[in-house]
Amino acid sequence: MLRQHRAELGLGPCMTALRKHHTVLIVDMASDDRWPQFTQMAMELGVRSLLSFQLFVQSENLGALNLYSTEVGAFTDDSVDIGTIVAQHAAV
């Protein structure tokens with residue numbers, strides 16, 4: 001459901017991870033103001049935090065790996081480090 005909304009909006013953390021080539025972390029959807037429509041829809045679905053990684057091979061975008069949580073602050077620095085490794089392997 002959130003993927004459909006993200007596609008309808010054409011923006012959000014996933015698209016930013018793809019276009020800007022960096023990891024996106026939202027600690028608390030309620031206090032993040034970068035994508036107000038996306039965060040509102042996410043909160044309506046019970047999502048409170050998010051971590052999004054770009055998937056790429058030899059500078060070509062394949063997509064993004066998105067992790068969602070119903071808890072605020074669910075993702076730590078370790079989550080980012082481990083997620084980066086998983087995203088690299090998933091892209092291969």
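All of the points below concern the structure found in this document. Owing to the predicted nature of the structure, the values given are computational and were not obtained by experimental measurement.

1. Re the overall build of the protein
No. 1: Helix and strand counts for the protein come out as 4 helices and 3 strands.
No. 2: Across the protein, helices and strands are ordered from the amino to the carboxyl terminus as α-α-β-α-β-β-α.
No. 3: When the 92 residues of the protein are sorted by exposure, 38% land in the buried category.
No. 4: Taking the intrachain contacts of the protein between residues at least 6 apart in sequence as the baseline, contacts between residues at least 24 apart amount to 50%.
No. 5: Summing over all exposed atoms, the protein offers an accessible surface of approximately 5,600 Å²; the carbon and sulfur share of this is 53%.

2. Quick notes on the side chain of Asp 28
No. 1: One can find Asp 28 in the loop between strand S1 (24-26) and helix H3 (36-44).
No. 2: Note on Asp 28: relative accessible area 18%, which makes it buried.
No. 3: A polar contact is formed between the side chain of Asp 28 and the backbone nitrogen of Ala 30, at a distance of 3.0 Å.

3. Here we look at the side chain of Thr 16
No. 1: Tracing the chain through its elements places Thr 16 in helix H2 (residues 13-20).
No. 2: The exposure class assigned to Thr 16 is buried, which follows from its relative accessible area of 17%.
No. 3: With near-sequence residues (within four places) excluded, Thr 16 lies in contact with His 21, His 22, Val 24 and Trp 35.

4. Looking at the nonpolar core
No. 1: The biggest cluster of nonpolar side chains holds 9 residues, and these are Ala 17, Val 24, Ile 26, Met 29, Trp 35, Phe 38, Ala 42, Val 47 and Leu 50.
No. 2: Elements with a contribution of two residues or more to this core: S1 and H3.
No. 3: Ignoring sequence-local partners within four residues, the contact set of Met 29 consists of Phe 38, Thr 39, Ala 42, Met 43, Val 47, Arg 48, Ser 49 and Leu 50.
No. 4: Formed by 6 residues, the second largest nonpolar core is a distinct cluster that contains Leu 51, Leu 55, Phe 75 and Ala 91.

Reading guide: rules and limits
- Residues numbered from 1 in each chain as written.
- Predicted model: local features only at pLDDT ≥ 70, side-chain atom pairs only at ≥ 80, totals over all residues.
- Heavy atoms only, no water.
- Helix = DSSP H or I, 4+ residues; strand = E, 2+ residues; numbered from the N terminus.
- Buried < 20%, exposed > 50% of the residue type's maximum accessible area, 1.4 Å probe, protein only.
- Contact = heavy atoms within 4.5 Å.
- Areas by Shrake-Rupley, 256 points an atom, 1.4 Å probe, with all protein chains shown as cover.
- Polar contact = N/O pair within 3.5 Å; in protein donor to acceptor, adjacent residues only side chain to side chain.
- Core = buried A, V, L, I, M, F, W, Y, C linked by side-chain atoms within 4.5 Å.

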